[in-house]
Amino acid sequence: MIYARPLLGWHPNLTSRGIIHSLKHGLLAVLLSLVLIFAIPPLMQPALAVGANNLGATFDATQSNVTFRVYSNAANHLEVWLYDRPLGTEEKIKLSLTQDPSSKIWSVTVPVSDLKANGVKDTIYYGYRAWGPNWTYEPSWTKGSSVGFVQDVDSEGNRFNPNKLLLDPYAVEVSHDRLIPTATEQTDGGIYVSGPDYRTFDTGSQAPKGIVLPIAKADIGTKPTRPFKDEIIYEVHLRGLTKNDPSIPENLRGTYAGAALKAKSLKELGVTAVEFLPLQSLQNDTNDVIASTKGDNYWGYDPYNYFAPDRRYAADQTPNGPSREFQQMTKAFHEEGIKVYVDVVYNHTGEEGVDSTGNISPIFTMRGLDNSTYYELSEDPRYYYSNNGVGPNVNTANPVVRDLIIDSLVYWTDNLGVDGFRFDLAPVIGNDCQQGCFQFNKLNPDNALNRMVRELPVRPSNGGNGVDLIAEPWAIGDGTYQVGGFPSGWAEWNDQFRDTFRKAQNRLGIDNVTPAELATRIAGSPDLYQDDGRKPWHSVNFIVAHDGFTLRDVYQCNEKTNSQLTWDKGPSDGGTDNNLSWDQGGDLALERQATRTALAIEMLSAGVPMMTGGDEMYRSQYCNNNMYNVDSAANWLNYDNIKEYPNFYNYSRKLMAFRNAHPALRPADFFKGTDSNGNGLKDLTWLRNDGNEPDSNYFQDPNQHFLAYRLDGSELGDSVQSIYVAYNSWSGNIQVTLPSNLPGKQWYRVADTASFMESKDNFNAPASEELLTETTYDVNGRSLLLLVEK
């Protein structure tokens, strides 16, 4: 299944707001409260360039000069315009850039003293204006004129328009969103577009601008070097993590600083890696202008800049504030031993698409610099090719764009402190086609997928310095479903794990699931990852993710209610109808039991488990499976759930602690099914309910609904002799004959997800496990049993 976001079209009336909005909090008070938290010495170290081509705006080592460098192959004239404020002001100085004919890079260097003499005294705000074949440069051109205009888009797809100030693709901080909900500076989305109505509207005073910062090494703490196999990933929206958390100071809720304050509690929960939904600059300042979902972008899968941390998530709104605050956040997580992952979107941007004529499109960054370099055009160059369902494909087959992707990832890793990335609709990044087609090629050593493995580089299998790479291995269209098809070094979201267990739990008698299918997914999906030399931990096992139901909703909702909900729970469009969900007949106790069972399956299988934020506290989204546009308390984590469902929260915490304590659950390689130490036990033994090993007939029989497995801890470096897991997907109880113990050992009950143990958190803490004195055990319907042998 592809949980696709809805196609976001563009029309001036849809992107305009015309809404007067006053700030809810005094900015001065917020900044004063941050002085002690974020006060650090000025960054006066020698400036670091961004990427091998030194693109962007950079100071020299003495900070006496600023160099602006930007790529454009098709432009015939480029200027940088500089401002002393981000909004509502005219430029202070403009400079022409010169192109290097071989590299196609345009550049100019200006002394800081010249900028100050012209009124740019403190913070340097800047943007580009570009001319090309469809709008030729004429010295007589002035802002708001059509001098030099030929056509909005030409036969090569060029869309140059000098009336549109352009954000530098390499800007490391962005002044503001293009739509700004303030009382005096409200913008109309239409002003950014080409076409007869807005072609000559000059955007200079209102467009987002880059901020020149001294890029220097910051204190991001000591990065964790754990092997990826040992992670428990917690996928969460940064704003939603703390916006509704009473333990966080109000002025820090929903910010990087607020998230930093959650590091300790997430460590106590058992999380080892936090994976934030997109944090690269996106249009979201208008999200809470009115109490409605209209036009809102909560999830953030429409970045318009790949370097700058989103400003809205910063409590410190001063220049360099978002970057500095982000670095402080990663340091806080690193101090607790938690890795920081960021969801990144290199398949499309927030620059959106075109209208039905192919002439009208927003122009405020890469499109206006070099349309055919940065975006994949269709055969008809007025239009775009797309495999993402949202907007034009980023032209990831172009070497310039590949450099942009690598450079931005290096910046987020080295300067902002990120430890890994999850790549949205990642097959698009492996596209070898530059115009009008899709050709995924995992073997091309020069594509961004393989360059990341070499150049970031990927973290070694046994741990150490490096980056963890996670693909969402599907997109939209033929050839884009690539689960199991990514290059060496890449982990993948495993939707086959998700669907197998949702069917086993919720589709009894409807969809057949054999014991062999269950065994394959529990063992790390060797059918997907073993043949190309990858390992079980390259399978990221999940039952739910952000785009879909919460874990609770999978077991309490029969169908989505997206369009039926009203604010603040919706409405939302889109969302899949194929949820493989079921409300357990409306039995609330069984709904909780099914949710516990699903979390246990995730945590007790080989591979890397990923949970979504709030699943540990039994979070619901009210059967809305596509809350991409809901920026409200209903979509933020509700910490009152811990008080309402304390047993579930305690169970989650104990289960995660068990996984973290037992390396047998985190194998470095696939199980061999052999006894390598001569104790009579295989590293992994599959078992039927009668205690015997299943034969091929049993494995392939969809009418068999029981499967157990025994891990030999002594072969897998564990502290216990064996771990035994029994899963009953049948609706009734099944009596199980427990496997024989090794001499001097006995079975102890750690956990049972059935309702009878709920008052005890369904879990026994270490050293408090219950000794089993019988040789048989009744496993309740649709539940899971966990034992240890010691």
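Refer to the structure above for everything that follows.
Residues numbered from 1 in each chain as written. Predicted model: local features only at pLDDT ≥ 70, side-chain atom pairs only at ≥ 80, totals over all residues. Heavy atoms only, no water.

### Looking at the environment of K682
Logical step 1: Mapped onto the elements, K682 comes out in the loop between α17 (646-661) and β17 (684-687).
Logical step 2: According to the relative accessible area criterion, K682 is partly exposed, its value standing at 29%.
Logical step 3: Considered as a pair, K682 and S194 are 488 residues apart in the sequence and their alpha carbons are 68 Å apart.
Logical step 4: Setting aside its immediate chain neighbours within four residues, K682 contacts G673, T674, D675, E693, D712 and E715.
Logical step 5: Polar contacts involving the side chain of K682 include one to the side chain of E693, which spans 2.9 Å. (Helix = DSSP H or I, 4+ residues; strand = E, 2+ residues; numbered from the N terminus. Buried < 20%, exposed > 50% of the residue type's maximum accessible area, 1.4 Å probe, protein only. Contact = heavy atoms within 4.5 Å. Polar contact = N/O pair within 3.5 Å; in protein donor to acceptor, adjacent residues only side chain to side chain.)

### Details of the pairing of strand β1 (residues 56-59)
Logical step 1: Here β1 shows no split at all, with G56 and T58 on one side and A57 and F59 on the other all buried.
Logical step 2: As consecutive antiparallel partners, β1 and strand β2 (residues 65-71) are separated by five residues, and within that stretch Q63 has a phi angle of approximately 60 degrees, a positive value. (Pairing = 2+ DSSP bridges.)

### Remarks on the packing of aromatic side chains
Logical step 1: All told, the structure shown has 35 aromatic pairs when counted by the stated rule.
Logical step 2: On the basis of an interplanar angle of 50 degrees and a centroid distance of 5.3 Å, the ring pair of F440 and F486 is categorised as tilted. Of this pair, F440 sits in the loop between β12 (420-423) and α10 (448-455) while F486 sits in the loop between β13 (468-471) and β14 (491-494), and the two are 46 residues apart along the sequence.
Logical step 3: For F440, a relative accessible area of 18% translates into the label buried.
Logical step 4: Chaining the aromatic ring pairs together yields one cluster made of Y306, Y346, F421, F423, F440, F486 and W490. (Phe/Tyr/Trp six-rings, centres within 6.5 Å; stacked < 30°, edge-to-face > 60°.)

### Observations concerning the state of the cysteines
Logical step 1: Within the structure shown, the criterion is met by two disulfides.
Logical step 2: Between the sulfur atoms of C433 and its disulfide partner C437 the distance amounts to 1.7 Å. Looking along the S-S bond of the C433-C437 disulfide, the torsion reads about 95 degrees, which is the right-handed sense.
Logical step 3: Taking relative accessible area as the criterion, C433 reaches 7% and is therefore assigned buried.
Logical step 4: With its sulfur 2.1 Å from that of its partner, C557 forms a disulfide with C623. The sign of the S-S torsion, about -85 degrees, decides the handedness of the disulfide formed by C557 and C623: left-handed. Placement of the pair is C557 in the loop between α14 (551-554) and α15 (588-603) and C623 in the loop between β16 (608-612) and α16 (640-644), with a sequence separation of 66 residues. As far as the burial class goes, C557 and C623 line up, both buried. (Disulfide = S-S within 2.5 Å.)

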